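Spelled out, the chains give:
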Amino acid sequence: MARKKKEKKKKTGRSWKITLLLFFLMILISGAILLTLDGRHVQFRLVGGQEITVPFGVDYVDPGRSAVTVGRILGPGSLVLPVETSGYVNTRVKGTYELEYSARFLFDTYTAKRIVHVEDITPPVITLQHQEGYEPSWFTGGYQEEGYLAWDDCDGNLTDYVQVEVLEDRIEYRVSDSAGNETVAERELTAVKQPELTLLGDTYMSVDASLTFEDPGFTARDGKGRDISPLVTVEGEVIPYRPGAYELVYSLTNGIETLSVTRTVEVKAVEIPDAVLPGEKTIYLTFDDGPGPYTKQLLDLLAIYGVKATFFVTAEHPEYEDLIGRAYREGHTIGVHTTSHDFYKIYASEEAYMEDFYAMEEIIHSQTGEYTRLFRFAGGSSNTVSQFNPGIMTRLIALTGDLGYQYYDWNVDSDDAGGTKTSTGVVTNVTAGCAERHVSLVLMHDTKDYSVQAVEQIIIWGQQNGYTFRALNLSSPSSHHVIKN
Ligand code: ZN
């Protein structure tokens with residue numbers, strides 16, 4: 001019984017071993033079937049592709065390649081295989097080369113090929129040279145070439161083949177190598193660009209004749225936008241009190257080329273209203289050569305009687321200058337006589353006359369806040385002291401008229417600057433003169449004490465005899481003398 005049992009046990013252990021063996025056999029067979037069906041093989045990956053072009057002269061570096069196993073069913077395996085390369089690329093010689101990559105897997109050797117073209121694909125290099133300290137500008141007469149070099153890895157020195165084209169704001173340097181690779185280099189020329197000269201204000205100006213002309217100016221900028229206005233020269237002059245057309249030419253030059261713009265300034269004569277003769281009996285008391293030591297007394301007196309008069313002023317007594325302002329504020333008329341009252345100086349030329357005249361205008365302006373348009377010639381328009389300069393009075397009358405000034409002579413002379421030296425004499429001369437006419441322009445001098453003292457009696461006489469005392473204005477009669485020069 002026990003023996004039987006033992007045999008049975010032996011039998012069972014053997015069948016287990018066979019079963020296991022069969023089992024492993026089946027796994028091996030199915031593995032082999034699977035691998036066969038999967039078609040497992042080696043695949044190459046070439047970075048950059050199967051055909052590449054590399055630059056001449058640069059050592060060849062393979063862009064990269066790898067070999068891995070892949071299968072139809074199981075996909076890419078993680079097995080990365082070592083790759084061997086055969087073949088050689090000589091980048092010093094242009095041409096086409098072939099590289100072969102190989103990898104072994106199981107019992108096979110797999111290969112892949114890459115075609116490598118060595119070509120000149122690098123353009124030449126242009127180097128622009130710069131001379132230390134050289135600062136080109138429009139004023140240096142433009143740009144002077146500082147030099148350049150062109151080098152190509154394949155063709156060598158190409159400097160002689162560079163084509164230079166000078167454009168408005170730059171220079172273009174252009175060169176191609178034998179393979180047709182082109183390089184363009186640029187040099188900026190803004191610094192040598194033509195400057196910009198621009199007028200402020202209008203290029204045509206029409207102004208009334210006056211004391212001064214103010215040029216509205218200009219702006220000037222170089223090619224880099226920097227202010228170069230101090231380099232601009234202005235030619236021409238405007239005489240602001242002489243009617244006519246003037247040209248001002250603003251220029252910049254570099255010695256070769258001149259850049260200029262022109263402004264036309266037309267000075268127009270100022271119109272004077274026609275003198276109107278009033279119907280009433282009028283006395284225009286006019287006082288020359290002041291203000292002076294007796295002017296205050298005169299103004300006080302005129303204020304008491306409410307009489308308005310006219311003062312043709314000078315700068316001979318500057319300490320009384322403020323009385324010009326007072327007289328103006330009290331309703332009297334201020335006119336220019338002369339600054340210096342120096343006949344030989346003022347009648348030497350029109351320029352000399354106007355210079356003296358305007359100096360007085362400025363004093364009047366500073367005292368009254370206004371310029372006047374009335375004046376009396378020193379010595380009157382009929383003076384003969386100016387005959388050392390023939391025709392000067394005729395020219396000055398035309399000139400001052402163009403400027404809008406009206407001159408006033410007189411038709412009653414108190415003779416206080418002549419032989420009459422007393423108040424009584426002045427009163428007699430003035431009242432006799434006024435009695436003869438409807439409108440009297442009376443010449444007196446507030447620099448004479450006896451004249452100032454005569455004024456009260458003249459006013460009383462005038463008021464008793466139906467005269468009105470008035471200050472001159474541009475519409476008043478001006479009583480012009482016959483010109484003697
Ligand atoms: Zn005078």
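The rules behind these values
- Residues numbered from 1 in each chain as written.
- Predicted model: local features only at pLDDT ≥ 70, side-chain atom pairs only at ≥ 80, totals over all residues.
- Heavy atoms only, no water.
- Helix = DSSP H or I, 4+ residues; strand = E, 2+ residues; numbered from the N terminus.
- Buried < 20%, exposed > 50% of the residue type's maximum accessible area, 1.4 Å probe, protein only.
- Areas by Shrake-Rupley, 256 points an atom, 1.4 Å probe, with all protein chains shown as cover.
- Lys, Arg positive; Asp, Glu negative; His and termini not counted.
- Charge placed at Lys NZ, Arg CZ, Asp CG, Glu CD.
- Donors = N, O, S within 2.8 Å, 3.2 Å for Na, K, Ca; no water.
- Phe/Tyr/Trp six-rings, centres within 6.5 Å; stacked < 30°, edge-to-face > 60°.
- Expected span 1.5 Å × (residues − 1).
- Contact = heavy atoms within 4.5 Å.
- Arc of directions from axis to C-beta.
- Salt bridge = Lys/Arg side-chain N within 4 Å of Asp/Glu carboxyl O.
- Pairing = 2+ DSSP bridges.
- Right-handed = clockwise from strand over helix to strand, strands pointing away.
- Core = buried A, V, L, I, M, F, W, Y, C linked by side-chain atoms within 4.5 Å.
- Domains from an automatic or database assignment.
- Axes fitted to C-alpha atoms, helices over the stretch in contact; angles between N-to-C directions.
- Patch = residues over 30% accessible without salt bridge, like charges linked within 9 Å, V, L, I, M, F, W, Y side chains within 5 Å.
- Polar contact = N/O pair within 3.5 Å; in protein donor to acceptor, adjacent residues only side chain to side chain.

Colleague: Teacher, can you tell me more about the overall build of the chain here?
Modeller: Scanning the chain from terminus to terminus reveals 8 helices and 27 strands. A principal-axis box enclosing the C-alpha atoms of the chain has dimensions of 190 × 75 × 35 Å. Relative to its full complement of 485 residues, the chain shows a buried share of 41%. In the structure as shown, the chain presents an accessible area of about 26,700 Å², 53% of it carried by carbon and sulfur atoms. A gap of 32 Å separates the mean positions of the 43 positive and 67 negative side-chain charges of the chain.

Colleague: Would you take a moment to explain the coordination of the zinc ion for this structure?
Modeller: Six octahedral donors at a metal ideally form angles of 90 or 180 degrees, and four tetrahedral donors ideally form angles of 109.5 degrees. Protein coordination at the zinc ion: the donors are D289 (OD), H337 (NE2) and H341 (NE2), at 2.1 to 2.2 Å from the metal. Site description for the zinc ion: donor spacing in sequence, D-x47-H-x3-H. Residue D289 is found in the loop between β20 (282–288) and α2 (295–305), and its partner H337 is found in strand β22 (residues 333–338); the two are separated by 48 residues along the sequence. No difference in accessibility class separates D289 from H337, as the two residues are buried.

Colleague: For this particular structure, what's the right way to read the packing of aromatic side chains?
Modeller: Both the distance between ring centres and the angle between the ring planes are used here to describe each pair of aromatic rings. The tally for this structure, following the rule as stated, stands at 20 aromatic pairs. Ring centres 5.9 Å apart and planes at 65° place the aromatic pair F23 and F24 in the edge-to-face group. Classification of F23 as partly exposed rests on a relative accessible area of 48%. Measuring from ring centre to ring centre gives 5.2 Å for Y148 and Y173, while their planes differ by 55°; the resulting arrangement is tilted.

Colleague: What exactly am I supposed to notice about helix α7 (residues 423–435) here?
Modeller: Given 3.6 residues per helical turn, the α-helix brings residues three or four places apart onto the same face. The terminal C-alpha atoms of α7 lie 18 Å apart, and with 13 residues this matches the ideal 18 Å at 1.5 Å per residue to within 8%. Every buried residue of α7 is accounted for by S423, G425, V426, V427, V430, T431, G433 and C434. Elements in contact with the buried residues of α7: β20, β25 (412–413), β26 (439–445) and α8 (449–464).

Colleague: Looking at this structure, I do not really get α2. What am I missing?
Modeller: Of all the positions in α2, only T295, L298, L299, L301 and L302 are classed as buried. Angular distribution of buried residues about the axis of α2 spans 165°; they occupy a single face of the element. Packed against the buried residues of α2 are β20, β21 (310–314), α3 (322–329) and α8.

Colleague: Would you take a moment to explain the pattern of salt bridges for this structure?
Modeller: Once their charged atoms are close, side chains differing in charge can pair, the charge on each being opposite to the other. For the structure shown, the criterion picks out 17 salt bridges. R170 is paired through a salt bridge with E186; the nearest N and O atoms lie 3.4 Å apart. In this pair, R170 sits in strand β12 (residues 170–176) while E186 sits in strand β13 (residues 182–188), placing the two residues 16 residues apart along the sequence. Taking relative accessible area as the criterion, R170 reaches 25% and is therefore assigned partly exposed. With a closest N to O distance of 2.7 Å, E172 and R174 form a salt bridge. Take R174: its relative accessible area is 29%, and that puts it in the partly exposed class. Linked by salt bridges that have partners in common, D169, R170, E172, R174, E182 and E186 make up one network.

Colleague: In this structure, what is going on with the pairing of β21? I would like to understand it.
Modeller: Looking along a regular strand, one sees the side chains alternate between the two faces of the sheet. For β21, the tally of buried residues reaches 5 of 5 residues, placing the bulk of the element in the interior. Where β20 meets β21, 3 bridges bridge the pair, whose relative direction is parallel. Among the inter-strand pairings, F287 is bridged to a residue of β21, identified as F311. With respect to chirality, the unit in which β20 leads through α2 into the neighbouring parallel β21 is right-handed. Two elements, β21 and β22, share 5 bridges in a ladder whose sense is parallel.

Colleague: What exactly am I supposed to notice about the nonpolar core here?
Modeller: Soluble globular proteins tend to pack their nonpolar side chains together in the buried interior. Of all hydrophobic cores here, the largest spans 72 residues; its most connected members are L285, F311, Y347, Y353, F377 and I458. Counting residues per element, this core draws most heavily on helix α5 (residues 350–368), at 7 residues. Mapping this core onto the domain boundaries places at least three of its residues in each of domain 3 (196–268) and domain 4 (282–469). Non-local contacts of I458, meaning those with residues more than four positions away in its chain, are made with L285, V426, V427, V430, M444 and F469. Residues V54, V89, A103 and V116 belong to the second largest nonpolar core, which totals 19 residues.

Colleague: Could you clarify how one ought to interpret the sheet that holds β12 in this entry?
Modeller: Whenever strands of a sheet pair, they do so through backbone hydrogen bonds, lying parallel or antiparallel. Across the sheet, 3 strands lie side by side as β11-β12-β13; this open sheet has antiparallel pairing. Of all the strands in the sheet, just β11 (163–166) and β13 have a single pairing partner and so form its edges. With strand direction ignored, the average angle separating the axes of adjacent strands in the sheet is 20°.

Colleague: Explain a nonpolar patch on the surface here, please?
Modeller: Taken together, I18, L22, L25, I29, I33, L34, L37, I73 and L74 make up a surface patch of nonpolar side chains, about 870 Å² in accessible area. Taking the relative accessible area as the measure of exposure, L25 reaches 47% and is therefore partly exposed.

Colleague: Sorry if this is basic, but what is going on with the side chain of D409 here?
Modeller: Here D409 is to be found in the loop between β24 (406–407) and β25. This buried residue, D409, is left without a salt bridge; R376 holds the nearest opposite charge, at 5.4 Å. At a separation of 2.9 Å, a polar atom in the side chain of D409 contacts the main-chain amide nitrogen of H481. Setting aside chain neighbours within four positions, we find D409 in contact with R376, G380, S381, L441, S478, S479, H480 and H481.

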